[in-house]
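Observations on chain architecture
Here is what each chain is made of, one letter per residue.
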Amino acid sequence: MLAATNATLAWFGGGALAAGGGGMALGTAVLGGIVAGPLIAVTGLYMDSKAEENLTKAREYESEVDVAVEKMESSKSYLGSVDKRIAQLTRIIKAIDKRYIEIYNSRNIQNSCNMESLTMFFIVGSLLKQTIDIPILDENKSLHKEFDSKVSMLKENQDVKNLKLLEGIN
Amino acid sequence: MILSAVGTKLTGKSIVDVLHTIAENHKITEEQQTRRHEISAIKDATIEAIKNEREIIEKLLNKEFDLKNSKIDELFVRLDQAIESNNIEIVQSVLATIVSLAKDNPLAKAVEFASLAKQKNRGRITL
């Protein structure tokens, strides 16, 4: 039995040492290779499949990030428009205010009893007040709300990240 | 002899296993490559749609702001003339027009357009 085993191992090694082969030592190594080789190959292929799946997940995440960045660009652009809207309203308010003060000074409103001047002063003043009261954003509550929710979502995410960071430190 | 038989048996089984794993790996690789192409195509389409929407809204808003600003400038010229000539009725009417123009928010139009665009794209582009 032992002789048969040794002979087989020597056969795997290319024959006995005396016959010019690798002998039992090489035979044992070859047999080990025969068993381990496929195992390594199968493991490698399994890892390769997993790597493919992980690469897909990474690409998916990358896409989500790219889309989120583009949406942020749109939000930035929207904020630029809000800025323009503020500038427009400021310009109108300043222009009416300038006329309001001019009427007050040029017509000496403080001491005037002239009904025409007082009426004009009152009209300009009341429309100035109406202009000041114009809301900048609330006319488009949907976008405003959406924007608010996005900001609070980002804030929440940041809070969670900060919390995790703190947990990591502690 | 026994070891030889075991070795042969192991080798035979292992080769089948390896071949099976190769086939499986090939299938998974192809599936994942296809999915990655899909992801990339959807991402490009989504980004393109967002960019287009943004560009249109920007153009729309710029046009609206420019148009309104020039109208308001004209109205202020008329307001000055009315103040100069003490014409209270015209002062009131011009100022009311200015205030109504100021109240008309161009951003509301952008919101309307954005929601229309979203409805149009709904279900078509999803990651």
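Use the structure listed above.
What counts and how
- Residues numbered from 1 in each chain as written.
- Chains lettered and ligands numbered in written order.
- Predicted model: local features only at pLDDT ≥ 70, side-chain atom pairs only at ≥ 80, totals over all residues.
- Heavy atoms only, no water.
- Helix = DSSP H or I, 4+ residues; strand = E, 2+ residues; numbered from the N terminus.
- Expected span 1.5 Å × (residues − 1).
- Buried < 20%, exposed > 50% of the residue type's maximum accessible area, 1.4 Å probe, protein only.
- Polar contact = N/O pair within 3.5 Å; in protein donor to acceptor, adjacent residues only side chain to side chain.
- Patch = residues over 30% accessible without salt bridge, like charges linked within 9 Å, V, L, I, M, F, W, Y side chains within 5 Å.
- Areas by Shrake-Rupley, 256 points an atom, 1.4 Å probe, with all protein chains shown as cover.
- Salt bridge = Lys/Arg side-chain N within 4 Å of Asp/Glu carboxyl O.
- Lys, Arg positive; Asp, Glu negative; His and termini not counted.
- Charge placed at Lys NZ, Arg CZ, Asp CG, Glu CD.
- Phe/Tyr/Trp six-rings, centres within 6.5 Å; stacked < 30°, edge-to-face > 60°.

Moving on to helix H3 (residues 115-132) of chain A. All names here are of chain A. An ideal rise of 1.5 Å per residue puts 26 Å on 18 residues; H3 measures up with 25 Å between its terminal C-alpha atoms. The set of residues buried in H3 consists of Ser117, Met120, Phe121, Ile123, Val124, Gly125, Leu127, Leu128 and Thr131. Regarding H3, its N-cap is Asn114, as a side-chain oxygen of that residue lies 2.8 Å from the backbone nitrogen of Glu116 further along.

All names here are of chain B. A cluster of acidic residues, Asp44, Glu48, Glu55 and Glu58, forms a negative patch on the protein surface. Looking at where Glu55 falls in the secondary structure, it is placed in helix H1 (residues 2-84). Under the relative-accessibility criterion, Glu55 is labelled partly exposed at 43%.

Looking now at the packing of aromatic side chains. All names here are of chain A. Per the stated rule, a full pass over the model turns up 2 aromatic pairs over all chains. Their ring planes at 10 degrees and their centres at 4.4 Å tell us that Tyr100 and Phe121 sit as a pair that is stacked. Of this pair, Tyr100 sits in helix H2 (residues 23-106) while Phe121 is found in helix H3, placing the two residues 21 residues apart along the sequence. Aromatic pair Tyr104 and Phe121: ring centres 5.6 Å apart, planes at 40 degrees, arrangement tilted. In this pair, Tyr104 is assigned in helix H2 and Phe121 in helix H3, connecting sequence segments 17 residues apart.

Everything listed here is a matter of coordinates, which is why it stays silent on function.
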